[in-house]
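Spelled out from the first residue to the last, the chains are:
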Amino acid sequence: MYGLAVAVAVAGLTLTGPGTGSAEAVAACSGRKVKTVAFATGELRVYKSRRYACAVTVAKRPGARQSMSVTIQARGSRAAKDSGRFTHRAGPVTVYALNRCVRAHGSVGTRKASTGWILC
């Protein structure tokens, strides 16, 4: 039994390999990336799966805590928001968006960006 546990652990390390634990290697939202809006201090990224839309704001220079926010809204619904002082990203925030337009806003520090209505 012990030998099987060791073999499984070694296989897991071999398959994942080094470096897969970085924040950039794992997407914060599921689905495909449909829009990226770059601005001076970061990026606003919007993802879409079949039923849901998701957004994150990523800082251009991660490390120090700074004021960040991300908001996403499906047409006809309330907005979902995440804001605070983060080191790398704000979000992810997700809304139900099957057959609906969505809009997203993001900010890092005093700079901000928005998508307008998309996915219509």
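Residues numbered from 1 in each chain as written. Predicted model: local features only at pLDDT ≥ 70, side-chain atom pairs only at ≥ 80, totals over all residues. Heavy atoms only, no water.

Novice: An account of the confidence of the model for the protein chain is needed here, citing residue identities and associated values.
Specialist: Mean pLDDT over the protein chain works out to 84, with 78% of the residues at or above the 70 mark. Within the model, the stretch residues 1–25 combines pLDDT values under 50 with seven contacts to residues more than four positions away or in other chains. (pLDDT = per-residue confidence, 0-100. Contact = heavy atoms within 4.5 Å.)

Novice: Talk me through the environment of S30; I want residue IDs and the actual numbers.
Specialist: Inspection of the secondary structure puts S30 in the loop between α1 (2–16) and β1 (32–39). Note: C-alpha distance between S30 and Y52 (22 residues apart in sequence) is 9.0 Å. (Helix = DSSP H or I, 4+ residues; strand = E, 2+ residues; numbered from the N terminus.)

Novice: Residues and numbers for the pairing of strand β2 (residues 42–48), please.
Specialist: Along β2, six of the seven residues are buried, which leaves the element largely enclosed by surrounding structure. Relative to β2, β1 runs antiparallel, the two being bridged by seven bridges. Within β2, the residue paired with F39 across the bridge is G42. What sits between β1 and β2 in their antiparallel hairpin is a turn of two residues. Linking β2 back to strand β3 (residues 52–59) in an antiparallel pair, the connection comprises three residues. (Buried < 20%, exposed > 50% of the residue type's maximum accessible area, 1.4 Å probe, protein only. Pairing = 2+ DSSP bridges.)

Novice: Kindly report on the sheet that holds strand β7 (residues 102–108), identifying the contributing residues and their values.
Specialist: If you walk across this open sheet you meet the four strands as β5-β4-β7-β8, and the pairing is antiparallel. Two strands bound the open sheet, and with one partner strand each, they are β5 (80–86) and β8 (111–114). Averaged over neighbouring strand pairs, the angle between their axes works out to 5° when direction is ignored. Two elements, strand β4 (residues 66–74) and β5, share seven bridges in a ladder whose sense is antiparallel. Bridged to V70 within β5 is D82. (Axes fitted to C-alpha atoms, helices over the stretch in contact; angles between N-to-C directions.)

Novice: Account for the sheet that holds β2, with residues named and values stated.
Specialist: Strand order in the open sheet formed by four strands is β1-β2-β3-β6, with antiparallel pairing between adjacent strands. Single-partner strands in this sheet number two, and they are β1 and β6 (89–96). Neighbour-to-neighbour, the strand axes of the sheet open up by a mean angle of 15°, direction not taken into account.

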